[in-house]
Amino acid sequence: MATERIQMESELRDRLRAPATGNEAVEAALSRRYDAGFVTDIESDSLPPGLDEGTVRAISARKHEPEWMTEWRLKAYRHWLTMTPPHWAKLRIGPIDFQAISYYSAPKGPKYKSLDEVPRELIETYDKLGVPLHERAKLAGVAVDAVFDSVSVGTTFQKELAAKGIVFCSMSEAVKSHPELVKKYLGTVVPQGDNYFAALNSAVFSDGSFVFIPKGVRCPMELSTYFRINAGHTGQFERTLIIAEEGASVSYLEGCTAPMRDENQLHAAVVELVALDDASIKYSTVQNWYPGDENGVGGIYNFVTKRGECRGPRSRIVWTQVETGSAITWKYPSCVLRGDDSAGEFHSVALTHHCQQADTGTKMIHIGRNTKSKIVSKGISAGRGQNTYRGLVKIEKGAEGARNHTQCDSLLIGKRCGAHTFPYIEVKNPGAIVEHEATTSKISEDQMFYCRSRGIGEEDAVSMIVDGFCKQVFRELPMEFAVEAKKLLEVSLEGAVG
Amino acid sequence: MLKIDNLHVRVAGREILKGLSLEAKAGEVHAIMGPNGAGKSTLGNVLAGREGYEVTAGTVEFEGQNLLELAPEERAAAGVFLAFQYPVEIPGVNNTYFLRAALNAQRRQRGEAELDSMQFLKKVREKLAVLHLKDELLHRAVNEGFSGGEKKRNEIFQLALLEPKLAILDETDSGLDIDAMKLVADGVNAMRDPARSFLVITHYQRLLDYIVPDVVHVLAEGRIVESGDRTLAHELEAHGYGWVAGRHAPAGAA
Ligand SMILES: Nc1ncnc2c1ncn2[C@@H]1O[C@H](COP(=O)(O)OP(=O)(O)OP(=O)(O)O)[C@@H](O)[C@H]1O
Ligand SMILES: [Mg+2]
């Protein structure tokens with residue numbers, strides 16, 4: 001019995017960790033640095049830089065959107081004009097020139113009707129990123145929507161999913177094929193004027209994924225979107241909407257990369273999740289946007305609004321994120337726990353190396369009775385990286401029996417980095433139980449020496465210790481993503497010691 | 001196997017080892033005893049390559065090569081193993097995984113083939129049986145939440161698995177109950193081999209009833225002040241370290 005357990009555990013671990021034990025794999029991982037940094041040479045149809053009502057209309061027209069969608073965008077745009085960028089985050093950001101950005105870029109040519117029509121360069125791009133789209137090599141058990149700059153280039157397994165009544169397509173497609181659903185849910189979790197970047201997104205959003213899981217259906221495979229920024233001087237403004245009807249469940253994954261460029265590119269996404277009665281949505285992100293170089297030149301500005309609403313009783317939303325990329329990350333995936341007995345979770349690993357800055361965390365808003373939330377945040381800072389956890393736990397008056405547990409751990413590597421924790425707690429119901437634990441630690445010399453005295457080299461020792469630190473969060477990720485996440489941390493920490 | 005000659009070591013600006021010499025041949029077990037603060041752990045750390053220990057004079061030869069110029073992981077691969085006086089916790093890192101990573105890292109450095117998970121588990125089972133250890137500790141994170149005794153036994157398990165040429169045990173008996181101490185001693189005895197040497201640092205002659213040493217050294221004030229056979233340990237037990245000091249006026253004072 002016991003030995004079988006070792007074996008199982010060890011085999012599981014082999015899958016999780018195979019790369020760390022194979023010499024070549026480690027070498028490859030360590031030498032690859034940011035290997036998603038290439039540019040695909042494909043002609044694109046882009047709007048000139050600049051933003052005004054005409055731009056908004058032009059985007060809408062390029063996408064052949066119905067009138068109501070155009071109006072929705074314009075309303076958001078007009079609201080955005082009245083707003084100012086937020087300054088409360090612990091981030092040092094130069095002013096962003098919104099007129100210098102191109103708000104739409106798409107590979108030239110007619111829209112692809114099926115994956116067979118997608119040009120070879122694009123298929124190859126995704127192959128290189130480890131996301132095969134073509135029929136023979138499709139990822140088993142994972143349906144992928146591939147978004148390239150402002151448009152979705154294709155979605156796999158659509159037929160198989162449709163057989164179950166599941167809709168998984170690009171947002172642009174959904175606006176046309178399922179307008180009633182889009183109208184019913186879009187902007188109901190993150191309103192157009194929610195915040196500066198959400199308003200901007202609502203005005204100019206390009207593409208993203210739309211997921212609808214009908215009543216009682218458990219989605220039979222992982223759904224995933226792979227976002228790729230390719231063109232220079234463009235922003236990516238994706239919009240994702242996931243709806244799980246009564247008793248439905250789905251696990252959704254998101255990955256992102258961009259070429260290395262010495263300009264800062266803007267990524268301002270909005271993600272909305274709606275879980276009705278007894279529904280469950282698991283949303284996992286491995287974010288690896290280009291982080292900039294070691295001197296802080298270039299990199300993606302990642303300003304993202306992600307929010308899920310547990311609208312029905314007993315519904316559940318789980319956010320898991322591994323944030324290793326971007327020059328700046330501003331992101332607080334949140335849960336509005338409206339339904340009684342609903343539950344929200346947030347599991348996060350955020351790593352900042354070199355000059356990266358992250359201000360990330362979550363908001364758990366308890367409205368319904370007996371609502372529960374759990375927050376596990378692991379921040380890792382190396383080099384001159386600055387890592388901030390910012391989290392709000394709010395218990396409304398009617399949230400009888402609400403409970404929250406927050407665990408917030410920071411790990412520092414080296415002497416020039418920083419970790420900061422800002423937990424905000426607002427409790428309006430005296431019966432609620434809110435717990436907060438926080439630790440800050442360093443990779444100790446003792447730990448390093450212990451590993452090295454057993455034969456493990458410095459870089460491997462660091463990634464092993466960091467991996468151990470993140471274990472609780474990695475456990476929440478689907479297997480393939482856990483492998484990817486571990487590799488990413490290894491690569492991102494390259495040069496953090498010595 | 002190991003030849004230490006006139007070793008001087010500074011730690012945090014203070015000279016701790018002051019001309020230590022010691023030679024251990026393959027297959028020998030050397031016990032090192034000595035008062036608190038004498039420099040026993042310092043010796044272990046220097047041999048294993050810990051940073052911050054500055055060698056100001058002297059040489060250490062291990063199997064004919066200069067040990068002092070190797071990085072800690074290279075020393076491990078060359079066959080040096082230190083069982084820590086205070087084993088370190090590594091939260092979240094599975095013990096089995098850690099051991100396999102360590103073993104394979106060493107094998108890689110030696111140009112040997114790595115063990116796959118089946119081969120590794122076979123080895124783990126063998127060693128567990130020899131040491132009469134339960135496998136439950138293997139499923140936990142490295143030393144995390146282990147009791148003092150469990151940590152020490154885990155060190156011996158690592159020793160058994162890594163099969164070094166030179167094993168330095170730094171007070172592995174401290175904090176063990178009598179049964180656990182016997183188990184540890186059995187484990188060490190099972191590993192005695194004509195090709196393997198041990199430096200056993202201990203405060204208690206009792207351990208040496210179980211692990212019978214070839215040579216006993218007394219380390220005081222940074223050097224070996226007395227060496228003898230196992231009866232020396234009995235004398236120390238009976239008379240204390242003052243007895244040694246009385247017999248040998250410290251050379252440094254002369
Ligand atoms: N990292 C360090 N910084 C400062 N002083 C140190 C350090 N390591 C060792 N020392 C000092 O060196 C001396 C020898 O320490 P060491 O740990 O080698 O003694 P020991 O013989 O192992 O003692 P014990 O029997 O108590 O384990 C002590 O005075 C100790 O305080
Ligand atoms: Mg000691």
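Note on numbering: residues in each chain are counted from 1, in written sequence order. Written order determines the labels here, with chains lettered from A and ligands numbered from 1. Thresholds applied to this predicted model are a pLDDT of at least 70 for local features of residues and 80 or more for the giving and counting of side-chain atom pairs; totals over whole chains, interfaces and linings are not thresholded and use all residues. The side-chain numbers reported here are obtained from all heavy atoms of the structure, hydrogens and water having been left aside.

A word on the overall build of chain B. Counting its regular elements, chain B contains nine helices and 12 strands. At 18 Å, chain B has a C-alpha radius of gyration in line with the 18 Å of a compact globule built from 254 residues. The principal-axis extent of the C-alpha atoms belonging to chain B is close to 60 × 40 × 35 Å. Contact criterion: two residues are considered in contact whenever any of their non-hydrogen atoms come within 4.5 Å of each other. In chain B, once contacts between residues fewer than 6 apart in sequence are set aside, the share between residues at least 24 apart is 67%. Put simply, chain B shows about 10300 Å² of open surface, and 48% of that area lies on carbon and sulfur atoms. Each charge class in chain B was averaged separately, 29 positive and 36 negative side chains, and the resulting centres sit 2 Å apart. Segments assigned H or I by DSSP are reported as helices when at least four residues long, segments assigned E as strands when at least two residues long, and all are numbered from the N terminus. Radius of gyration: C-alpha atoms only; globule rule: 2.2 Å multiplied by the number of residues to the exponent 0.38. Computed with a 1.4 Å probe, the accessible areas rest on the Shrake-Rupley method; for each residue, only the protein chains presented here act as cover. Positive charges come from Lys and Arg, negative ones from Asp and Glu, while His and the chain ends are left out of the count. Just so you know, the charge point we use is NZ for Lys, CZ for Arg, CG for Asp and CD for Glu.

Here we come to the interface of chain A and chain B. Taken together, the contact pairs 35 residues of chain A with 45 residues of chain B. Here chain A and chain B share an interface that buries about 3400 Å² over both sides, 58% of which is from carbon and sulfur atoms. The term salt bridge refers to a pairing of a side-chain nitrogen on Lys or Arg with a carboxyl oxygen on Asp or Glu at a separation within 4 Å. On inspection of chain A and its partner chain B, the count reaches five salt bridges. Here A:D460 ties to B:R108 by a salt bridge, and the two come within 3.7 Å at their closest N and O atoms. Polar contacts here mean pairs of N or O atoms no more than 3.5 Å apart (in protein, one a potential hydrogen donor and the other a potential acceptor; neighbouring residues in sequence count only if both atoms are side-chain atoms). The interface formed by chain A and chain B holds 13 residue pairs in polar contact (both at pLDDT 80 or more) in total. Ranked by residue count, the leading element in the side of chain A that touches chain B is helix α1 (residues 2-21) of chain A, at 13 residues. Each residue gets one of three labels, nonpolar for Ala, Val, Leu, Ile, Met, Phe, Trp, Tyr, Cys and Pro, charged for Asp, Glu, Lys and Arg, and polar for the others, Gly among them. Looking at the side of chain A that touches chain B residue by residue, the classes come out as 10 nonpolar, 11 polar and 14 charged. The term buried area means the drop in 1.4 Å probe accessible area that two parts suffer when joined, counted for both and summed.

Before going further, it helps to spend a moment on the environment of A:R78. Residue and element names in this part refer to chain A. Along the chain, R78 turns up in helix α4 (residues 67-81). Exposure remark for R78: the relative accessible area of 38% places this residue in the partly exposed category. With 40 residues separating them along the chain, R78 and V118 place their C-alpha atoms 36 Å apart. Those residues in contact with R78 that lie beyond four places of it in its chain are E53 and R57. With a 1.4 Å probe rolled over the protein chains alone, any residue whose accessible area is under 20% of its type maximum counts as buried; one over 50% counts as exposed, and the rest are partly exposed.

Residue and element names in this part refer to chain B. Surrounding the magnesium ion (ligand 2) are the protein donor atoms S41 (OG) and Q85 (OE1), which sit 2.0 to 2.2 Å from the metal. Of this pair, S41 sits in helix α1 (residues 40-48) while Q85 sits in the loop between β6 (80-83) and β7 (90-94), placing them 44 residues apart in sequence. The class of S41 is partly exposed, set by a relative accessible area of 23%. Donor atoms (N, O, S) are those found within 2.8 Å of the metal centre, with the cutoff raised to 3.2 Å for Na, K and Ca; water is not part of the atom list, so apparent gaps in a site can occur.

The next subject is the packing of aromatic side chains. All names here are of chain A. Two rings belonging to Phe, Tyr or Trp (six-membered ring only in the last case) form a pair when the distance between their centres is within 6.5 Å. Interplanar angles under 30 degrees mark stacking, angles over 60 mark edge-to-face geometry, and anything in between is tilted. Under the definition given, this model contains 19 aromatic pairs over all chains. Pairing W88 with W330 gives two aromatic rings, centres 5.7 Å apart and planes at 40 degrees, and the pair type is tilted. A residue pair is termed long-range when its members are at least 10 positions apart, and W88 in the loop between α4 and β2 (105-107) and W330 in strand β15 (residues 328-331) qualify at 242 residues. On the accessibility criterion, W330 (6% relative accessible area) is buried. The structure contains a cluster of three or more aromatic residues connected by ring pairs, namely Y77, W80, W88, F98, Y196, F197, Y301, F303, W330 and Y332. Counting as a charge over the ring demands two things of the Lys NZ or Arg CZ atom: a distance within 6 Å of the ring centre and an angle within 35 degrees of the ring normal. Cation over ring: R73 sits above F205, and NZ or CZ is 4.0 Å from the ring centre. Lying over the aromatic face of F469, K378 brings its terminal NZ or CZ to 4.9 Å of the ring centre.

Glancing now at the site of ligand 1. All names here are of chain B. Here a residue is near a molecule or strand as soon as one of its heavy atoms is found within 4 Å of it. Lining the immediate surroundings of ligand 1 are 16 residues, of which G37, K40, S41, T42 and H203 lie closest. Measuring from an oxygen atom of ligand 1, one finds a side-chain N or O atom of T42 at 2.5 Å. In isolation ligand 1 has 630 Å² of accessible area, and contact with the protein removes 66% of it. Listing elements by their share of the shell around ligand 1, those giving two or more residues are β2 (14-24) and α1. The leading source of residues in the shell around ligand 1 is α1, at three residues. When the residues that make up the shell around ligand 1 are grouped by side-chain class, the tally is six nonpolar, seven polar and three charged.

Attention shifts here to helix α8 (residues 231-239) of chain B. All names here are of chain B. Burial in α8 covers these residues: L232, A233 and L236. The buried side chains of α8 occupy one side of the element, clustering within an arc of 100 degrees when seen end-on. Phi for G240, located one or two positions after α8, is positive at around 80 degrees. Taken from the helix axis, the directions to the C-beta atoms give the arc we talk about.

Further remarks concern the sheet that holds strand β1 (residues 2-11) of chain B. Residues and elements named next belong to chain B. Two strands qualify as a pair provided DSSP detects at least 2 bridges between them. The sheet built from four strands is open, its strands ordered β2-β1-β4-β5 with antiparallel pairing. Across the chains shown, the open sheet's two edge strands, defined by having one partner strand only, are β2 and β5 (65-66). Relative to strand β4 (residues 53-62), β1 is paired through eight bridges, and the arrangement is antiparallel. The residue bridging V11 from the neighbouring strand is Y53, located in β4.

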